[in-house]
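# Results of the structural survey
The lines below spell out each chain.
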Amino acid sequence: MKTNENRTPATAPAKSPGKPAGNLTVKDGETPWTAAEMEELRGELEADAVHLKQEIRDAEQEIVGLLRDGGDGAGNDQADVGSTTLERDHEMSLARNASDMLDQIERALSRIDDGTYGVCESCGKAIGKGRLQAFPRATLCVSCKEREERR
């Protein structure tokens, strides 16, 4: 569902080092976040949020159309109704996934604002700057995420 249109790639060349961006947590041995890095990260998150909001609107419009046209009316055989139901369920799943990702983005932006960005919500240790640059919505460090996935 996620496309790379209008997104800043996570592997974009680093901007020149600037002043440190607040007191955001980093792992030992990592360079502190610079204002330029945080600006780039925030811009990527905000662009993703705009993109996801549009995807949600599009999916909702598609669902409305499928509900309007997918009735069990004259001329629709069981296969047509089943196909429409499958399409509607697919669109609802896409909208739900986009909504979940949007919630994660809004949470990440909120954590940036309150200074808790980069802190694992499970163990309280640093998530790691590299992980956050690759996956800006991360809320768990690698070891806590691995532990969660094994459950």
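Here goes a summary of the coordinates provided. Quantities reported herein were computed from a predicted structural model and do not represent experimental measurements.

Turning next to the overall build of the protein chain. Summing up its helical and strand segments, the protein chain has 4 helices and 0 strands in all. Shown N-terminal to C-terminal, the secondary structure of the protein chain runs as helices and strands in the order α-α-α-α. Taking the contacts inside the protein chain whose residues are at least 6 apart along the sequence as the reference set, 56% of them involve residues at least 24 apart. Accessible surface for the protein chain amounts to roughly 9600 Å². Of this, 49% is attributable to carbon and sulfur atoms.

All right, on to the packing of aromatic side chains then. Taken as a whole and judged by the stated rule, the model has 1 aromatic pair. We note Lys129 situated over the ring of Trp33; from NZ or CZ to the ring centre the distance is 5.4 Å.

In this structure, Arg111 sits in helix H2 (residues 78-114). Contacts of Arg111, omitting those with residues within four sequence positions, involve Thr116, Tyr117, Gly118, Val119, Glu121 and Ile127.

Tallying each qualifying case throughout the model produces 0 disulfides. Left unpaired, Cys123 is separated from the closest cysteine sulfur, that of Cys120, by 3.7 Å. The thiol sulfur of Cys141 is not disulfide-bonded, and the nearest other cysteine sulfur, from Cys144, lies at 3.6 Å.

An α-helix turns once every 3.6 residues. As a result, residues three or four positions apart point the same way. The terminal C-alpha atoms of H2, which comprises 37 residues, lie 53 Å apart, in line with the 54 Å expected from a rise of 1.5 Å per residue. Regarding H2, the residues found buried are Val81, Thr84, Glu91, Ala95, Ala98, Met101, Leu102, Ile105, Ala108, Leu109, Arg111 and Ile112. Once H2 finishes, Gly115 follows within two positions and takes phi at roughly 80°, a positive value.

Another point: the pattern of salt bridges. Considering all chains together, one arrives at 7 salt bridges under this definition. Between Arg42 and Asp113 there is a salt bridge; the shortest N-O distance is 2.5 Å. Here the residue Arg42 occupies a position in helix H1 (residues 35-69), and Asp113 occupies one in helix H2, the gap between them amounting to 71 residues. Classification of Asp113 by relative accessible area gives exposed; the value is 57%. A salt bridge links Lys145 to Glu148; its shortest N-O distance comes to 3.0 Å. Of this pair, Lys145 and Glu148 are both found in helix H4 (residues 142-150), 3 residues apart, which corresponds to roughly one turn of the helix. According to the relative accessible area criterion, Lys145 is partly exposed, its value standing at 29%. When salt bridges with common partners are traced through the structure, they connect Arg42, Glu46 and Asp113 into a single cluster.

Right, let's get into a positive patch on the surface. A grouping of Lys125, Arg147, Arg150 and Arg151 is seen on the molecular surface, where their side chains present a positively charged patch. Along the chain, the position of Arg147 falls in helix H4.

Before going further, it helps to examine the side chain of Glu91. Position of Glu91 relative to the elements: it lies in helix H2. The side chain of Glu91 sits in the buried core without any salt bridge; Arg88 is the nearest counter-charge, 11 Å away. Excluding anything up to four places from it in sequence, Glu91 contacts Ala59, Glu62, Ile63 and Leu66.

Rules and cut-offs
Residues numbered from 1 in each chain as written. Predicted model: local features only at pLDDT ≥ 70, side-chain atom pairs only at ≥ 80, totals over all residues. Heavy atoms only, no water. Helix = DSSP H or I, 4+ residues; strand = E, 2+ residues; numbered from the N terminus. Contact = heavy atoms within 4.5 Å. Areas by Shrake-Rupley, 256 points an atom, 1.4 Å probe, with all protein chains shown as cover. Phe/Tyr/Trp six-rings, centres within 6.5 Å; stacked < 30°, edge-to-face > 60°. Lys NZ or Arg CZ within 6 Å of the ring centre and 35° of its normal. Disulfide = S-S within 2.5 Å. Expected span 1.5 Å × (residues − 1). Buried < 20%, exposed > 50% of the residue type's maximum accessible area, 1.4 Å probe, protein only. Salt bridge = Lys/Arg side-chain N within 4 Å of Asp/Glu carboxyl O. Patch = residues over 30% accessible without salt bridge, like charges linked within 9 Å, V, L, I, M, F, W, Y side chains within 5 Å. Lys, Arg positive; Asp, Glu negative; His and termini not counted. Charge placed at Lys NZ, Arg CZ, Asp CG, Glu CD.

That is the geometry; function is a separate question.
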